[in-house]
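What the coordinates show
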Amino acid sequence: MENQNLQRRAFVWRSINWAKVQRYVFKLQKRIFQAAKSGQDAKVRRLQRLLVKSYYARLLAVRRVTQAGQGKKTAGVDGVIVISPRQRLELVKNIKGNLKAKPLRRVWIPKPGRDEKRPLGIPTIQDRARQALVKSALEPEWESRFEGTSYGFRPGRSAQDAINRIYTAINQGQYYVLDADIAKCFDRINHDYLLSKIHCPSNLKRDLKQLLKAGVLDNGVFEDTEAGTPQGGVISPILANIALLGMVRLIEKRYPKVKGVKVKATLIRYADDFVVISPSLEIIEQCKTAISEWLNPVGLEIKPEKTRICHTLKPIEYNDKIEEPGFDFLGFNIRQYPVGKYKSGKTGGGASRLIGHKTHIKPSNKAVKAHTEAIKGVIEQHKRAPQSALIHRLNPIIRGWSNYYSAVVSAETFTKLDYIVWQMLRAWTVSRCGKASHDKLRKYFKPGTVKLSNGKEWHETWLFKTEDGITLWKHSYTPIIRHTLVRPEATPYEGNWTYWATRKGQAIDTPTRVAKLLKKQKGRCNWCGQYFFPSDLIEIDHIVPRSHGGKDEYKNLQLLHRHTRDDKTALDEEMMLYS
């Protein structure tokens, strides 16, 4: 009887019309955005209360934290994880009404490339679902208020947008740059300051206060949280953005744009990292002082050791120290190089002139070194593993890193990295079969043809490839496609479906191919049957995988929601449970 009940619950969860659920929630969020944009605060509060009470919104919140979230199998202090449909349906009931937030479970995460560790606070799965619900009500309102040059932790925006915005700001001139980082931003935000900025229904305000004051359990020792937002919470990124809202406008107000005059100062922020760009060193110093004063009531300060003032083109002497040209931001190195007239950039407008330099954005040396170390670590861990296991582990790392840097000047870096990986794999081969010879290497390296994502074929004589045709993806296989900068005031909640569908397409493929697939599938995901919405994450998938002989052709491609693979894995687990 109990097994039949479990199967019935599983059927109920899987038979939910998620397209209808998502459509209803998105329409409410769109109405909240429109009301906030037009200044109708009372209507915003009414719609937010309606959304939080909605059964559909609770379903979607639970689905996001138990199936689509990366930490869906990570437990909080209560040790509970939610993997079965019965547990999910119970969680939907439990997050209704007033809840008392449990303390966070603290874990220490190593910082990449350092010996230090940073704390991460993990809420219980119930608190995460409630946070996702509250976030779905708050985010549309604040998306109508955030600045155009704020890019971190916002729907439809990415690090590539921030980098492209910097390129646009400096491309036609020479500039001084304040490259700064806020010290322990998530750990030090003043709770009273943050809550005073948020005007929302009382039940949501109570939830936020409980979340901030919940405390932390570190190896069984309880600590109060007097400041900061928990790193690891679903709602923490938007709370940090709300706390830092106003920093961009501070600079805009002090140095307003004047028609026909070069902009005096521009601030571009990605979460707690930001840069200020100006043609004047004096203005840069004034901005640094003004931002430091503005951060005081927020409970924050600029981190001195991670803050530098430099120039985009030439070395400068600042504070008795020679600062080299260019700066690193979000893993990219941004710098200008003096060139001759045949390679020089030009000013815009009708009377364009040569500017004598070229702006190049490349992967930073620090990012390249960290990536190389990551690959080296994987190869070390797979010394005795089959070749196919090593390839399956390396491919996502190489593809992900290459895709992140595929919109900048990365071709030379990709080629160098491929050579380094070749040397590592050759050493891996030698460690397995002794001194390398042509015949021994041919066991692991074979001639073959790789079809790239842009449709071109790449033939090589030394592919790291198994007998079954499983091939290692090289960095240089990723085509360089320039990123299109998001419109300053654009947000998915405005409902411009066509604009956001093509933008998400250009991040994974060409807009033309995505548009064709959208038309072919009539706007629906082939696996779950849901409609694609502007706020969705979309992936191009192969119907017949390439590892099984599938070709990279139009007829073998389909558009899927990014979370559907997680759903399919969860479904497989459920079927194993009931079999």
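Here the structure is shown first, and the text comes after it.
Residues numbered from 1 in each chain as written. Predicted model: local features only at pLDDT ≥ 70, side-chain atom pairs only at ≥ 80, totals over all residues. Heavy atoms only, no water.

Turning to the overall build of the chain, a few remarks are in order. Looking only at helices and strands, one finds 20 helices and 17 strands in the chain. Sorting the 579 residues of the chain into buried and exposed places 50% on the buried side. Taking the intrachain contacts of the chain between residues at least 6 apart in sequence as the baseline, contacts between residues at least 24 apart amount to 67%. Of the accessible surface of the chain, which amounts to about 28,900 Å², a share of 52% is contributed by carbon and sulfur atoms. (Helix = DSSP H or I, 4+ residues; strand = E, 2+ residues; numbered from the N terminus. Buried < 20%, exposed > 50% of the residue type's maximum accessible area, 1.4 Å probe, protein only. Contact = heavy atoms within 4.5 Å. Areas by Shrake-Rupley, 256 points an atom, 1.4 Å probe, with all protein chains shown as cover.)

Both the distance between ring centres and the angle between the ring planes are used here to describe each pair of aromatic rings. By the definition in use, this model includes 17 aromatic pairs. Joined through ring pairs, the aromatic side chains of W422, W428, Y444, F445, W462 and F464 make up one cluster. Over the ring of W142 we find R145, and its NZ or CZ is 5.1 Å from the ring centre. The side chain of R442 reaches across the aromatic face of W462, ending 3.9 Å from its centre. (Phe/Tyr/Trp six-rings, centres within 6.5 Å; stacked < 30°, edge-to-face > 60°. Lys NZ or Arg CZ within 6 Å of the ring centre and 35° of its normal.)

Looking at where S202 falls in the secondary structure, it is placed in helix α10 (residues 202–212). Through-space distance from the C-alpha of S202 to that of R49 is 9.4 Å; in sequence the pair is 153 residues apart.

Here we come to the sheet that holds strand β2 (residues 117–122). If you walk across this open sheet you meet the four strands as β2-β1-β4-β5, and the pairing is mixed. In the strand order of this sheet, the two ends are held by β2 and β5 (221–223), each with one partner. When the angles between neighbouring strand axes are averaged without regard to direction, this sheet yields 40 degrees. Examined bridge by bridge, strand β1 (residues 104–110) and β2 share six bridges and lie antiparallel to one another. Bridge assignment links W108 to a residue of β2, and that residue is P119. (Pairing = 2+ DSSP bridges. Axes fitted to C-alpha atoms, helices over the stretch in contact; angles between N-to-C directions.)

So, about the pairing of strand β3 (residues 176–181). Among the six residues in β3, six count as buried, and that is most of the element. The two faces of β3 match: Y176, L178 and A180 on one face and V177, D179 and D181 on the other face are all buried. Across six bridges, the pairing between β3 and strand β7 (residues 273–278) is antiparallel. Counted as the bridge partner of V177 is I277 from β7. Direction of pairing for β3 relative to strand β8 (residues 308–311): antiparallel, over a ladder of four bridges. Residue pairing across strands places Y176 opposite H311, the latter belonging to β8.

Further remarks concern helix α5 (residues 85–94). Side chains of residues three or four places apart in an α-helix project in the same direction, reflecting 3.6 residues per turn. Within α5, burial applies to P85, R88, L89, L91 and V92. Each buried residue of α5 lies within a common arc of 155 degrees when the element is viewed along its axis, so the set occupies one face. (Arc of directions from axis to C-beta.)

Within the secondary structure, T66 is located in helix α4 (residues 55–68). Polar contacts involving the side chain of T66 include one to the main-chain carbonyl oxygen of V62, which spans 2.6 Å. Residues in contact with T66, not counting those within four places in the same chain, are K72, V82, R88, L91 and I125. (Polar contact = N/O pair within 3.5 Å; in protein donor to acceptor, adjacent residues only side chain to side chain.)

Turning next to a positive patch on the surface. Together, R31, K43, R46, R49 and K53 give the surface a local cluster of positive charge. Within the element layout of this structure, R49 appears in helix α3 (residues 41–53). The exposure class assigned to R49 is partly exposed, which follows from its relative accessible area of 37%. (Patch = residues over 30% accessible without salt bridge, like charges linked within 9 Å, V, L, I, M, F, W, Y side chains within 5 Å. Salt bridge = Lys/Arg side-chain N within 4 Å of Asp/Glu carboxyl O. Lys, Arg positive; Asp, Glu negative; His and termini not counted. Charge placed at Lys NZ, Arg CZ, Asp CG, Glu CD.)

If you walk through the whole model with that rule in mind, you get 16 salt bridges. Salt-bridge contacts for R106 lead to D218; the nearest nitrogen and oxygen are separated by 3.8 Å. Of this pair, R106 sits in strand β1 while D218 sits in strand β4 (residues 216–218), placing them 112 residues apart in sequence. Residue D218 is classed as buried on the basis of its relative accessible area, which comes to 13%. For R188, the salt bridge goes to E301, with nearest N and O atoms at 3.3 Å. Placement of the pair is R188 in helix α8 (residues 185–188) and E301 in the loop between α13 (281–295) and β8, with a sequence separation of 113 residues. A single salt-bridge network, built from bridges that share partners, covers D41, R45, E141 and R145.

Let us now look at unusual backbone geometry. Within the chain, N319 stands out as a residue other than glycine whose phi angle is a positive 55 degrees. Along the chain, N319 turns up in the loop between β9 (316–318) and β10 (321–323). A positive phi angle, close to 55 degrees, is found at L330, a residue other than glycine. Mapped onto the secondary structure, L330 falls in the loop between β11 (327–329) and β12 (332–338). Residue class for L330 comes out buried when judged on its relative accessible area of 19%.

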